Amino acid sequence: SDITLGIVPLGSGNGLATHLGLNRNIRKALITIRDGSVTRMDVGQVGENYFFSNCGTGYMAEVIDHYDKIPQRKLIGYFKAAFMALYKLHRPGELTIRIGSNHYYSKHVFVSNSNTMGYQMSLTPLASVQDGLLDIVILPLHSNWKFVNFCLFALFKKHHLVKGVK
């Protein structure tokens, strides 16, 4: 649509604001909105819900669900949420993901429109909110140890080196 969205970076990680190069200073962000600096960007949709930055299923969704319940809205809160999400890692269920003629099977999917999740962390470093594409990371079903390994590699932006990650 042609509706203008104003972003005031009041979140914990401010991934979208970081991706867009917005100032984290609230006063400066409001001045940017007032002055009408506009950037067109893509929007993702899942069912009736829209997203501007990231969404996920399986482990990714569990981490966010736990993070929303933790009072520490800092990076340490994400670590706690990631650890707590491991307990629900092996819930039954699997998705079939079709991308062109390729089929993937997993319940752990991360879809991103931007290159930053927050705190300078990224699973999709080449993502752009203006390329008309969504970047997708598919994690095969793993043991808890392999997920911990994936998370450690992700901290150093090397998760693509983990066997099975698409």
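Residues numbered from 1 in each chain as written. Predicted model: local features only at pLDDT ≥ 70, side-chain atom pairs only at ≥ 80, totals over all residues. Heavy atoms only, no water.

Visitor: Any chance you could explain the side chain of Thr116 here in plain terms?
Guide: Along the chain, Thr116 turns up in the loop between β6 (108-112) and β7 (135-139). A polar contact of 2.9 Å, which involves the side chain of Thr116, links it to the side chain of Asn115. Discounting chain neighbours no more than four positions away, the residues touching Thr116 are Gly15, Leu16, Thr18, His19, Ser53, Asn54, Met121 and Ser122. (Helix = DSSP H or I, 4+ residues; strand = E, 2+ residues; numbered from the N terminus. Polar contact = N/O pair within 3.5 Å; in protein donor to acceptor, adjacent residues only side chain to side chain. Contact = heavy atoms within 4.5 Å.)

Visitor: What is the right way to look at the pattern of salt bridges in this model?
Guide: Tallying each qualifying case throughout the model produces 3 salt bridges. Here Asp2 ties to Arg40 by a salt bridge, and the two come within 3.3 Å at their closest N and O atoms. Taken together, the residues span a long stretch of sequence, with Asp2 in the segment before α1 (15-19) and Arg40 in the loop between α2 (26-34) and β1 (44-46) at a distance of 38 residues. Grouping residues by exposure puts Asp2 and Arg40 together as exposed. For Lys69, the salt bridge goes to Asp65, with nearest N and O atoms at 3.2 Å. Asp65 sits in the partly exposed class, given a relative accessible area of 32%. (Salt bridge = Lys/Arg side-chain N within 4 Å of Asp/Glu carboxyl O. Buried < 20%, exposed > 50% of the residue type's maximum accessible area, 1.4 Å probe, protein only.)

Visitor: Looking at this structure, I do not really get the confidence of the model for the protein chain. What am I missing?
Guide: Mean pLDDT over the protein chain: 84, with 97% of residues reaching 70 or higher. Mean pLDDT per element in the protein chain: helix α5 (residues 144-155) is the minimum at 79, and strand β2 (residues 49-51) is the maximum at 92. (pLDDT = per-residue confidence, 0-100.)

Visitor: Any chance you could explain the layout of surface pockets here in plain terms?
Guide: Empty space among the atoms becomes visible once a probe the size of a water molecule is rolled across them. Taken as a whole, the largest pocket encloses approximately 1,100 Å³ of empty space. Only α1, β2, β3 (54-57), α3 (59-68), α4 (75-85) and α5 provide two or more residues apiece to the lining of the largest pocket. Among the elements that take part in the lining of the largest pocket, α5 stands out by supplying 7 residues, more than any other. Of the residues that constitute the lining of the largest pocket, the class distribution is 33 nonpolar, 9 polar and no charged. Considered as a void within the structure, the second largest pocket measures approximately 660 Å³ in volume. If you trace the second largest pocket, you find 20 residues lining it, with Ile3, Thr4, Leu5, Thr39 and Met41 closest to the centre. Partitioned by chemical class, the residues of the lining of the second largest pocket number 11 nonpolar, 7 polar and 2 charged. (1 Å grid on protein atoms, 1.4 Å probe; cavity = no way out; pocket = protein on both sides within 12 Å on 5 of 7 lines; lining within 4 Å. Points joined across faces, edges and corners; volume = space filled by probe spheres on them. Nonpolar A, V, L, I, M, F, W, Y, C, P; charged D, E, K, R; others polar.)

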